[in-house]
Amino acid sequence: KGVHVCLDAVGGSMTKKSYASLATGGRLVCFGVSSFTGGGSLNLWRVLTGWLGTPTFGAIDLMTTNKGVFGLNMLTTTWAEPELVASELRELVRL
């Protein structure tokens, strides 16, 4: 039971819940940490507690649970591969 793909833009402790929701063979894609900001403003306390509340994943644990965790920085990807991102966005809009 569980989901095959989970997209996590919240980060922090939500990442642990997202990982727990995965089925065997499931993949978690982390691409944001909106929980680090409160109401759109930077709050250093929230950043610190969010950072400390974000789980880390060891290779052995991932292998024994047959799950995958991926990180994606959309800003870096957009700078490095603007045409790829534009193409993917066009495809999403088409759907």
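Residues numbered from 1 in each chain as written. Predicted model: local features only at pLDDT ≥ 70, side-chain atom pairs only at ≥ 80, totals over all residues. Heavy atoms only, no water.

Turning our eyes to something else, we now look at the side chain of Asp8. Assignment of secondary structure puts Asp8 in strand 1 (residues 3-8). The side chain of Asp8 sits in the buried core without any salt bridge; Lys17 is the nearest counter-charge, 11 Å away. Polar contacts involving the side chain of Asp8 include one to the side chain of Thr15, which spans 2.6 Å. When neighbours within four sequence positions are excluded, Asp8 is seen to be in contact with Met14, Thr15, Ser18, Leu28, Val29, Cys30, Phe31 and Gly32. (Helix = DSSP H or I, 4+ residues; strand = E, 2+ residues; numbered from the N terminus. Buried < 20%, exposed > 50% of the residue type's maximum accessible area, 1.4 Å probe, protein only. Lys, Arg positive; Asp, Glu negative; His and termini not counted. Salt bridge = Lys/Arg side-chain N within 4 Å of Asp/Glu carboxyl O. Polar contact = N/O pair within 3.5 Å; in protein donor to acceptor, adjacent residues only side chain to side chain. Contact = heavy atoms within 4.5 Å.)

Moving on, we come to the pattern of salt bridges. Pairing between side chains of opposite charge can happen when the charged atoms of each approach one another. With the rule as written, the count across this model stands at one salt bridge. Between Arg94 and Glu91 there is a salt bridge, with the nearest N and O atoms lying 2.6 Å from each other. Taken together, the residues Arg94 and Glu91, both in helix 5 (residues 82-94) and three residues apart, mark about one turn of the helix. Its relative accessible area of 35% is what places Glu91 among the partly exposed residues.

Counting five residues, the largest nonpolar core consists of Cys6, Tyr19, Leu22, Leu28 and Leu62. Excluding residues that lie within four positions of it along the chain, Leu22 makes contacts with Lys1, Gly2, Val3, His4, Cys6, Arg27, Leu28, Lys67 and Gly68. (Core = buried A, V, L, I, M, F, W, Y, C linked by side-chain atoms within 4.5 Å.)

This paragraph deals with the environment of Leu72. Inspection of the secondary structure puts Leu72 in the loop between strand 5 (68-71) and helix 4 (74-80). The exposure class of Leu72 is partly exposed, given its relative accessible area of 36%. The spacing of Leu72 and Gly32 is 40 residues in sequence and 8.0 Å in space, taken between C-alpha atoms. Residues within four places of Leu72 in sequence aside, it is in contact with Cys30, Phe31 and Thr77.

Sizing a probe to match a water molecule and rolling it over the atoms shows the empty space that remains. One number sums up the size of the largest pocket: a volume of about 230 Å³. By residue class, the composition of the lining of the largest pocket is six nonpolar, six polar and no charged. Those elements that place two or more of their residues in the lining of the second largest pocket are helix 4 and helix 5. Among the elements that make up the lining of the second largest pocket, the one with the highest residue count is helix 5 (five residues). Considering only residue class, the lining of the second largest pocket consists of six nonpolar, one polar and one charged. (1 Å grid on protein atoms, 1.4 Å probe; cavity = no way out; pocket = protein on both sides within 12 Å on 5 of 7 lines; lining within 4 Å. Points joined across faces, edges and corners; volume = space filled by probe spheres on them. Nonpolar A, V, L, I, M, F, W, Y, C, P; charged D, E, K, R; others polar.)

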